Amino acid sequence: MHFIQLGDYDKYEKIVYPAGEYQVRIKGYEGQIDRTNGFLEIEARISDMAQLIELGLLISAAETCFYPITVTLPYLPFGRADRRFTPHDCDGLAFLSRYLFNCTTNLKVRSFDTHSVTADTLGFDYMPPDDYLASIKATLGDDTILLCPDLGAANRYSGIGVKFKTTYFCSKKRDPITGKLLGFDVPVEIKENGPILLFDDICDGGGTFIGITEKLREAGIKNDLHLGVSHGIFSNGLDCLFQHFKTVHTTNSRTPSLSVLISDELHLYDYRTGRPL
C-alpha cells in the first residue's frame, strides 16, 4: 500500500506555470507508465478550490504508477450543497462527484461522517463516526444524554453502534436561500440527570448550538452541556462556544493544527480511529 497526502511535496512535484496552470508529477518513478506498483490512498483536506484542482491533477499523475486508487476526504467539500437551493443555483455536490470520478477509472472516494445521504447516491463511501462517538461517551460517562439539533441528525446517530442513555432532538427552520436560522424548538421534557452531548456533523459559526443552549437554560434544564462535532470549522472561534459548553469535542478532519489548542475544554480525536489525540 502507498500513501500520499495532498501537499506532501516530498512525494510529488507541483509546478506552477506563469499563466497559472499547475503541473503535477509523481516523484521516484522513472520510465514508461506502469500501474503495477499497487494500491494508493490519497488523503486530501480541501480548504480552497485551488486544492481541488491540485487533487484532480494528482489523481491523473498517480494513475500512471498505481492501481487501484482511493481518495479519502476527511471533510467532504460541498457536503452541504447537496441540491439546488433555488432554481438557478449550481448543484455543488453533484459537480464534485462528476469531477472526481472522471479523473481516472475505478476510483473510490470516501469521506468521514458526510452531511447528506445524497453523497451516498453520488458514489461517495461513508466513513461512520461510531468509534469517535464511543470515545466521547467514554470521556463523559455512561449516563450521557445524546441531543441532536434536528431529526435528520437524530436518525443518523441514534442508529449507529453507540448506545446512549436517551436520545432527544430539536427542530429548526432555516431560510433556504440565505441559510439564516429562523428559529427552533428544544425538548423541554428532558428530566434525566447526566451530561448532555449536543452532537452534529458540522460546526461552522456555532450559532445554532449556542441558540439551543440558551433555549435549554430558559427551560430550566441545568445539566452540564457538551458539544461534539465531526468537523470543526469554528468560523467564529472557540471562545464563544466555551461560554456555553463545558467541553467541545471534534476531530482532525479539517486540520491537524487544532492539536496545539487541546485543553481541558477542547478535546481532539483522530477521525480514522476515533481515538483521542
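Okay, so let's go over this structure.

Criteria and thresholds
Residues numbered from 1 in each chain as written. Predicted model: local features only at pLDDT ≥ 70, side-chain atom pairs only at ≥ 80, totals over all residues. Heavy atoms only, no water. Helix = DSSP H or I, 4+ residues; strand = E, 2+ residues; numbered from the N terminus. Buried < 20%, exposed > 50% of the residue type's maximum accessible area, 1.4 Å probe, protein only. Contact = heavy atoms within 4.5 Å. Pairing = 2+ DSSP bridges. Axes fitted to C-alpha atoms, helices over the stretch in contact; angles between N-to-C directions. Core = buried A, V, L, I, M, F, W, Y, C linked by side-chain atoms within 4.5 Å.

### Let's talk about the environment of Lys108
The residue Lys108 is located in strand β6 (residues 108-112) in this model. A residue is classified by how much of its surface remains accessible, and Lys108, at 40% relative accessible area, is partly exposed. Along the sequence, Lys108 and Ile69 sit 39 residues apart, while their C-alpha atoms lie 6.6 Å from each other. Setting aside residues up to four positions removed in sequence, Lys108 forms contacts with Ile69, Thr70, Val71 and Asp125.

### Some thoughts on the sheet that holds strand β4 (residues 40-43)
The five strands lie next to each other as β1-β4-β5-β6-β7, forming an open sheet whose pairing is parallel. Only two strands of the sheet have a single neighbouring strand rather than two, namely β1 (2-5) and β7 (125-127). Recorded for the sheet is a direction-independent mean angle of 25° between the axes of neighbouring strands. In this sheet, β6 lies alongside strand β5 (residues 69-73) in parallel orientation, the contact comprising four bridges. Residue pairing across strands places Thr70 opposite Lys108, the latter belonging to β6.

### Let's talk about the nonpolar core
Counting 29 residues, the largest nonpolar core has Ile26, Ile42, Leu55, Leu73 and Leu100 as its most contacted members. Listing elements by their share of this core, those giving two or more residues are β3 (22-26), β4, α1 (49-62), β5 and α2 (92-101). Ranked by residue count, the leading element in this core is α1, at six residues. In contact with Ile42, not counting residues within four places along its chain, are Ile4, Leu55, Leu58, Ile59, Ala62, Ile69, Thr70, Val71 and Thr72. By size, the runner-up hydrophobic cluster in this structure holds 26 residues, among which are Phe184, Leu227, Leu241 and Leu258.

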